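Residue strings, one per chain:
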Amino acid sequence: ASAGPSTMAPLNADLLQVTLNESAAAPDFDNLVFGQKFSPHMLIVDWNNKTGWGVPHIKPYGPLSLSPAAPALHYASGLFEGMKAYRSADGSGKIRLFRADKNMERMNRSAARAGLPTFDGDEFIKLIKALVRLDRDYVPHGEGQTLYLRPTLIGTPDTLGMGVPTEAQLFCICSPVGNYYSSGSGSKPVSLLARTDVVRAWPGGTGCYKLAANYAGATQPAMEALKEGYHQVLWLFGPDRQLTEVGAMNLFVVFRDQSADGETTNYEIATAALDDGTILPGVTRDTILSLLRAYQQGQVAIDGLPKPERITVAERKVTMDEIMDKAEKNQIAEVFGSGTAAVVCSVDKIGYEGVDISIPIQADGMGVFMRTMLREVTGRQWGAIASPEWSTVC
Ligand code: PMP
């Protein structure tokens, strides 16, 4: 019988087959540089447009076998996610994922944009959990250390044709990673070079998807920023020079405004809106916005923030003109990036058209909002703060 769309198999975690790695090296958490060490197993599932999703396999970590014509290698027919497995600090041995459903939604949106197959995110989460359970000894124990998970989907047919890929591979590899704040002495603020001559993403483009294609082109601009003495690129967009993202993080700016009587200070925390397709919808960004809105509505208590009625949470356009104007008036309270790798990362300087704009930083290298969000978000990721709706135990 000819296999038509009606016989396409969905991704099914119940079919999982496991081949153990008999020569797995013992876990080694010394000098954890991001993405350099891997756990002994990987997950891989083949797809084709005749039969759909194949049998999921967990097998020893190792090279892929790939046609040299595969569109993944020529047309950036690929996309990925960044997630982490967090080992509970309470000694229970529990290992958690944080908001994995958000990563699955984003991955499926990316897949659709790239013409790659979509899948049932719940099934993929079950498979990732099985992989993490198997490699649980490779989830580091140190404070802030995690097992970084890299789900990936690539187009693999043996053809240089540019059409919709007829074959694909979905896989996940795992890498023990260190604490971004490894010194234990607080945050390392980063300096940004605001670039007007390069563009990361544009309306109608692919910036809002986690496509591989978005990342290669960011390399030279980032190298040049480093050469000029800045840590990361502040990606601007448009004639009005809107602040979009920083490196591979979303960006938050906290403005402050003194009342006329000088008695009270109001704060506005702003990040770019998601409406024009230039911004990656970060899971950390969404978590921060959700927590701040819940705080404003009295649904969650958060120590250390200004009173709820003093805070405005805004998803809106912020331009370099506004940054320069408010920096001059001392109305910028703090600037920070957000992403899975660092959670939050404070900014102490923005270089723009030959001038350095200083951003206030407290003695611990953080600001009030950034420090508070670091505590609140990591608390929920590691399980010190209960958040059943966001947390899955592996
Ligand atoms: N922007 C870009 C361009 C990114 O690559 C990432 C990392 N995924 C982020 C923002 C932050 O997203 P998340 O909070 O989901 O890690």
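Numbering of residues begins from 1 in every chain and follows the order in which that chain's sequence is written. Side-chain atom pairs in this predicted model are given and counted only at pLDDT of 80 or more, local residue features only at pLDDT of at least 70, and totals for whole chains, interfaces and linings cover all residues. Processing note: side-chain calculations cover all non-hydrogen atoms of the structure and skip hydrogens and water entirely.

Observations regarding the overall build of the protein chain
Of the regular secondary structure elements, the protein chain holds eight helices and 19 strands. With the radius of gyration taken over C-alpha atoms, the globule rule is written as 2.2 Å times the number of residues to the power 0.38. Over its C-alpha trace the protein chain gives a radius of gyration of 22 Å, about what one expects of a compact globule, namely 21 Å for 394 residues. Summarising its shape, the C-alpha atoms of the protein chain cover approximately 80 × 50 × 40 Å along the three principal directions. For every residue, the accessible area (1.4 Å probe, protein chains only) is compared with the maximum for its type, and the residue is labelled buried under 20%, exposed over 50%, or partly exposed between those bounds. A burial count over the protein chain gives 51% of its 394 residues as buried. Long-range contacts, defined as pairs at least 24 residues apart, comprise 71% of the intrachain contacts of the protein chain with a sequence gap of at least 6. Element-wise, carbon and sulfur atoms account for 51% of the exposed surface of the protein chain, whose accessible area totals about 17800 Å². Positive and negative side-chain charges of the protein chain, numbering 36 and 43 respectively, have mean locations separated by a distance of 2 Å. Numbered from the N terminus, helices here are DSSP runs of H or I no shorter than four residues, and strands are runs of E no shorter than two. Any two residues having at least one pair of non-hydrogen atoms within 4.5 Å are treated as being in contact. Here, Shrake-Rupley sampling with a 1.4 Å probe gives the accessible areas, and only protein chains in the shown set may cover a residue. His is not counted, nor are the chain ends; Lys and Arg add positive charge and Asp and Glu add negative charge. Where a charge lies is defined by one atom per residue type, namely NZ (Lys), CZ (Arg), CG (Asp) and CD (Glu).

With respect to the site of the ligand
The near set for a molecule or strand comprises every residue that places at least one heavy atom within 4 Å of it. By nearness alone, 15 residues border the ligand, and Lys210, Tyr215, Glu245, Thr284 and Thr340 come closest of all. Any pair of N or O atoms that falls within 3.5 Å is considered a polar contact. Within protein, one atom must be able to donate a hydrogen and the other to accept it, and sequence-neighbouring residues count only if both atoms are side-chain atoms. Taking Thr284, its side chain carries an N or O atom lying 2.6 Å from an oxygen atom of the ligand. Thr340 places a polar side-chain atom, nitrogen or oxygen, 2.6 Å from an oxygen atom of the ligand. In isolation the ligand exposes 390 Å². Once the protein is present, 95% of that is buried. For the shell around the ligand, the elements supplying multiple residues, two or more each, are β13 (249–258), α6 (283–296) and β16 (332–339). Here the nonpolar group is Ala, Val, Leu, Ile, Met, Phe, Trp, Tyr, Cys and Pro; Asp, Glu, Lys and Arg are the charged ones; every other residue, Gly included, is treated as polar. Looking at side-chain class alone, the shell around the ligand contains five nonpolar, six polar and four charged residues.

Concerning the packing of helix α2 (residues 100–113) against helix α3 (residues 121–134)
Angles shown run from 0 to 180 degrees and are taken between the N-to-C directions of axes, each axis being a line fitted to C-alpha atoms and, for helices, limited to the stretch in contact. Between α2 and α3, the least distance of the axes is 9 Å, while the angle of their chain directions is 125 degrees. On the basis of the axis angle, α2 is oblique to α3. Helix-helix and strand crossings are classified by hand; for α2 and α3 the assignment is right-handed. The residues of α3 that touch α2, namely those facing Ala100, Asp101, Met104, Met107 and Asn108, are Gly121, Phe124, Ile125 and Ile128. Of the residues in the contact of α2 with α3, the class split is six nonpolar, two polar and one charged. Should an angle fall under 35 degrees it is taken as roughly parallel, and over 145 as roughly antiparallel, whereas 65 to 115 is taken as roughly perpendicular and any remaining angle as oblique. Take the far helix as the reference: if the near one is turned anticlockwise from it by less than a right angle, the crossing is left-handed, and if turned clockwise, right-handed.

Details of a negative patch on the surface
The patch calculation keeps residues exceeding 30% relative accessible area without a salt bridge and links them within 9 Å when they carry like charges or within 5 Å when they are nonpolar (Val, Leu, Ile, Met, Phe, Trp, Tyr). In what follows, salt bridge is the name for a side-chain nitrogen of Lys or Arg lying within 4 Å of a carboxyl oxygen of Asp or Glu. A surface patch of like charges, here negative, comprises Asp101, Glu105, Asp120 and Asp122. Inspection of the secondary structure puts Asp101 in helix α2.

Concerning the environment of Leu236
For Leu236, the location among the structural elements is in strand β11 (residues 232–237). Exposure remark for Leu236: the relative accessible area of 5% places this residue in the buried category. If we skip the residues at most four places from it in the chain, Leu236 touches Ala194, Arg195, Thr196, Val198, Arg241, Gln242, Leu243, Thr244, Met320 and Tyr352.

Concerning the environment of Asn49
As for its position among the elements, Asn49 is in the loop between β2 (41–48) and β3 (52–53). By relative accessible area, which is 36% here, Asn49 ends up partly exposed. With 173 residues separating them in the primary sequence, Asn49 and Ala222 have C-alpha atoms 38 Å apart. Filtering out sequence-adjacent residues up to four positions away, Asn49 remains in contact with Met8 and Thr166.

Remarks on the pairing of strand β15 (residues 311–315)
Pairing geometry for strand β14 (residues 265–271) and β15, over five bridges, is parallel. Residue pairing in the sheet places Thr271 in a bridge with Glu315 of β15. In this fold, β14 hands off to α6, which returns the chain to β15; that crossover is right-handed. Strands are treated as partners if at least two bridges between them are detected by DSSP. Every crossover in which the path from the first strand over the helix to the second runs clockwise, viewed with the strands pointing away from the viewer, is termed right-handed.

Comments concerning the nonpolar core
Grouping buried Ala, Val, Leu, Ile, Met, Phe, Trp, Tyr and Cys residues that are joined through side-chain atoms within 4.5 Å yields what is termed a nonpolar core. Counting 37 residues, the largest nonpolar core has Phe124, Ile128, Leu149, Leu153 and Leu170 as its most contacted members. Breaking this core down by element, the ones donating at least two residues are β2, β6 (83–87), β7 (95–98), α2, α3, β8 (146–155) and β9 (167–177). Considering every element that reaches this core, the biggest residue donor is α3, with seven residues. Here Ile128 is in contact with Leu43, Met83, Leu97, Met104, Leu149, Pro151 and Cys172, once residues within four sequence places are set aside. With 28 residues, the next largest nonpolar core counts Ile288, Val313, Phe336 and Met373 among its residues.

A closer look at α3
Across its 14 residues, α3 extends 20 Å between first and last C-alpha, which sits within 8% of the 20 Å expected from 1.5 Å per residue. Of all 14 residues in α3, ten are buried, a share of seventy percent or more. Residues of α3 that are buried include every one of Gly121, Glu123, Phe124, Ile125, Leu127, Ile128, Lys129, Ala130, Leu131 and Val132, and no others. The distance from a side-chain oxygen at the start of α3 to the backbone nitrogen of Asp122 is 2.9 Å, and the residue carrying that oxygen is Asp120. Multiplying 1.5 Å by the helix residue count minus one yields the expected span of that helix.

Observations concerning the packing of α6 against helix α8 (residues 368–382)
At a closest axis distance of 11 Å, the pairing of α6 and α8 adopts a crossing angle of 100 degrees. One element, α6, and the other, α8, form an angle in the roughly perpendicular class. Residue-level contacts link Thr287, Ile288, Leu291 and Leu292 of α6 to Phe369, Met373, Glu376, Val377 and Arg380 of α8. Tallied by class, the residues present in the contact of α6 with α8 amount to six nonpolar, one polar and two charged.

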